[in-house]
Amino acid sequence: MTIRARFAPSPTGPIHIGNVRTALFNYLFVKSMKAEGKDAKLILRIEDTDATRSTREYEDFIFQELKWLGITWDEGADVGGDFGPYRQTERFPLYE
């Protein structure tokens, strides 16, 4: 069984400290599970359902800031993965 921790920020503005805290906790949890020899992945899903405020510019900013902090993810909109799509609006057909 794979442990899957998800971080789902909304790209409606610059990343804030609450986002960073959640991303860091999930990242450290996954890293600790991997250190114990468990299969664990950090998933970065973009919560872009606020169509009037969500932009790809803010999405890119989120990617850049997390990478600057040293937080990396195993699956996401920019890296792909087996359980995409990783933008919430692209998942709508799955829910219908």
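Residues numbered from 1 in each chain as written. Predicted model: local features only at pLDDT ≥ 70, side-chain atom pairs only at ≥ 80, totals over all residues. Heavy atoms only, no water.

A. Quick look at the environment of Thr12. Tracing the sequence through the fold places Thr12 in the loop between β1 (3-7) and α1 (17-35). A residue is classified by how much of its surface remains accessible, and Thr12, at 22% relative accessible area, is partly exposed. Put simply, Thr12 and Thr52 are 40 residues apart on the chain and 8.7 Å apart in space, counted from C-alpha to C-alpha. Ignoring anything within four residues of it in the chain, the contact list for Thr12 reads Asp50, Arg53, Ser54 and Tyr58. (Helix = DSSP H or I, 4+ residues; strand = E, 2+ residues; numbered from the N terminus. Buried < 20%, exposed > 50% of the residue type's maximum accessible area, 1.4 Å probe, protein only. Contact = heavy atoms within 4.5 Å.)

B. Main features of the pairing of strand β2 (residues 40-44). In terms of burial, β2 is largely enclosed, as 4 of its 5 residues are buried. Relative to β2, β1 runs parallel, the two sharing 5 bridges. By the bridge assignment, Phe7 is partnered in β2 with Leu44. In the classification by handedness, the crossover that spans β1, the intervening α1 and the parallel β2 is right-handed. Of the strand pairs in this sheet, β2 and strand β3 (residues 75-76) are connected by 2 bridges, and their pairing is parallel. Bridging from a neighbouring strand, Ile43 pairs with Glu75 of β3. Note that the unit made of β2, helix α2 (residues 56-68) and β3 has a crossover that is right-handed. (Pairing = 2+ DSSP bridges. Right-handed = clockwise from strand over helix to strand, strands pointing away.)

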